[in-house]
Amino acid sequence: MSTSTSTTTTTTLTSLPTLPALPSPKPMLLTTAITTRHSTRRFLSTPPPLTTLHTALTLATHAPSNSNIQPWCLYLLSGPALARLKTALLSAASSTPTGPAIPPLPAAFQRFRSALGQQVYGVGLGISHSDTAGRRAAVLRNFDFFGAPVAAIVCMDKRLSSADAVSVGMYVQTLLLALTEQGVGTCVEVAVAGYPEVIRDVVKEIPESMDILCGVAIGYEDPTMKVNHIYTPRNLVAQID
Ligand SMILES: Cc1cc2nc3c(=O)[nH]c(=O)nc-3n(C[C@H](O)[C@H](O)[C@H](O)COP(=O)(O)O)c2cc1C
């Protein structure tokens, strides 16, 4: 998976060698990695070197997990395999007006999605609220992994439970921070998990025993795109008196 012409299809963490020697880390403060990581929604086509990805994947295995199960299982795609997945997902999403099969957001939380939508589509992409076709086209870019040259499909054994999903989340965040340190952008995407059969049809290595939790778009971000510089607010830490 080292070049854009690679035919590499998938790899899983379990198939990676255990904790090989790591290259010297770049000098980025953890605070800087945490505060500069953000969701990239427009990527350049150049894929990061395989060594960069391997370093980040290896660092991420240091994440804690319930009973040290290390329940994360990633399938990485690039090149023709990723192109096939993008085509299949875009086709499915384009012909499903109801959107991906993911649990609906409860009404009490809808305001967060509305605020994010205004930032991403309104401020970031300059699409007005009334431009239904423009917004729909922009949403469909989820299924192109926003042009990313590498994508991960994040899975977990179906027999495991919410504590283990927490462990997978800790792994994914560690992976995002490790990639941030190396100048690589990311976007976690639950949207693609709404088409599990489409993914399974292309990524045949994913066994039925695994749930597909989310995707992650990976690559160098296009710094000229405003959508990569939007502001997503955070709730304040509650004060305890
Ligand atoms: C579990 C999870 C699922 C997400 N799914 C999507 C998605 O399907 N599409 C998308 O554009 N962003 C998705 N995001 C990115 C969030 O919208 C983003 O993390 C949030 O708005 C905070 O912005 P930031 O990542 O730029 O800090 C997801 C993030 C997480 C953690």
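For the structure, check the block above.
These figures come from a predicted structure and were not determined experimentally.

Calculation rules
- Residues numbered from 1 in each chain as written.
- Predicted model: local features only at pLDDT ≥ 70, side-chain atom pairs only at ≥ 80, totals over all residues.
- Heavy atoms only, no water.
- Buried < 20%, exposed > 50% of the residue type's maximum accessible area, 1.4 Å probe, protein only.
- Helix = DSSP H or I, 4+ residues; strand = E, 2+ residues; numbered from the N terminus.
- Pairing = 2+ DSSP bridges.
- Near = heavy atom within 4 Å.
- Polar contact = N/O pair within 3.5 Å; in protein donor to acceptor, adjacent residues only side chain to side chain.
- Areas by Shrake-Rupley, 256 points an atom, 1.4 Å probe, with all protein chains shown as cover.
- Nonpolar A, V, L, I, M, F, W, Y, C, P; charged D, E, K, R; others polar.
- Phe/Tyr/Trp six-rings, centres within 6.5 Å; stacked < 30°, edge-to-face > 60°.
- Axes fitted to C-alpha atoms, helices over the stretch in contact; angles between N-to-C directions.
- Parallel < 35°, antiparallel > 145°, perpendicular 65-115°, else oblique.
- Contact = heavy atoms within 4.5 Å.
- Expected span 1.5 Å × (residues − 1).
- Salt bridge = Lys/Arg side-chain N within 4 Å of Asp/Glu carboxyl O.

The buried fraction of strand β3 (residues 185-189) is high, at four of five residues. Two strands pair when backbone bridges link them, and β3 and strand β4 (residues 210-219) are joined in this way by five bridges, in the antiparallel orientation. From the neighbouring strand, Glu189 faces β4, where its bridge partner is Gly215.

Inspection of the region around the ligand gives 14 residues, with Arg37, Ser39, Arg41, Asn142 and Arg234 positioned closest. With respect to the ligand, the backbone of Val188 contributes an N or O atom lying 3.1 Å from a nitrogen atom. Surface burial for the ligand is 66%, taken as the share of its 620 Å² of free accessible area covered by protein chains. It is β3 that contributes the most residues to the shell around the ligand, three residues altogether. Here the residues of the shell around the ligand are counted per class, giving six nonpolar, four polar and four charged.

Under the defined criterion, the tally for this structure stands at two aromatic pairs. Ring geometry for Trp72 and Tyr171: centres 4.7 Å apart, planes at 15 degrees, overall stacked. Residue Trp72 is found in the loop between α2 (50-60) and β1 (73-78), and its partner Tyr171 is found in helix α6 (residues 162-181); the two are separated by 99 residues along the sequence. What makes Trp72 buried here is its relative accessible area of 4%. Ring centres of Phe143 and Tyr195 lie 5.5 Å apart, and the angle between their planes is 85 degrees; on these two criteria the pair is classed as edge-to-face. On the criterion of sequence distance, the pair formed by Phe143 in the loop between α5 (132-140) and β2 (150-157) and Tyr195 in the loop between β3 and α7 (196-202) is long-range, its members being 52 residues apart. The same class applies to Phe143 as to Tyr195, namely buried.

Orientation of helix α4 (residues 110-124) relative to α5, taken along the N-to-C sense of each, is 100 degrees, at an axis distance of 11 Å. Put simply, α4 runs roughly perpendicular to α5. Facing Gly117, Gln118, Tyr121 and Gly122 of α4, the residues of α5 in contact are Arg135, Ala138 and Val139. Counted by class, the contact of α4 with α5 contains three nonpolar, three polar and one charged residues.

On to α4, then. The end-to-end C-alpha distance of α4, which contains 15 residues, comes to 20 Å, matching closely the 21 Å that a straight helix rising 1.5 Å per residue would cover. When α4 is considered as a whole, its buried residues turn out to be Gly117, Gln119, Val120, Tyr121, Gly122 and Gly124. Elements that come into contact with the buried residues of α4 comprise α5. Looking one or two residues past α4, Gly126 carries a phi angle of roughly 70 degrees, positive in sign.

Turning next to unusual backbone geometry. Outside of glycine, negative phi angles account for most residues, and trans bonds account for most peptide bonds. Here Asn68, not a glycine, exhibits a phi torsion of approximately 55 degrees, which is positive. At Phe145, a position not held by glycine, the phi torsion is positive, near 50 degrees. Structurally, the position occupied by Phe145 is in the loop between α5 and β2. For Phe145, a relative accessible area of 0% corresponds to the buried category.

A few words now on the pattern of salt bridges. Within the structure shown, the criterion is met by six salt bridges. A salt bridge links Arg141 to Asp144, with the nearest nitrogen and oxygen atoms 3.1 Å apart. You can call Arg141 partly exposed: its relative accessible area is 28%. We note a salt bridge from Arg159 to Asp157, for which the minimum N-O separation is 2.8 Å. Residue Arg159 is classed as exposed on the basis of its relative accessible area of 75%. Among the charged side chains, a salt-bridge network with shared partners connects Lys86, Arg141 and Asp144.

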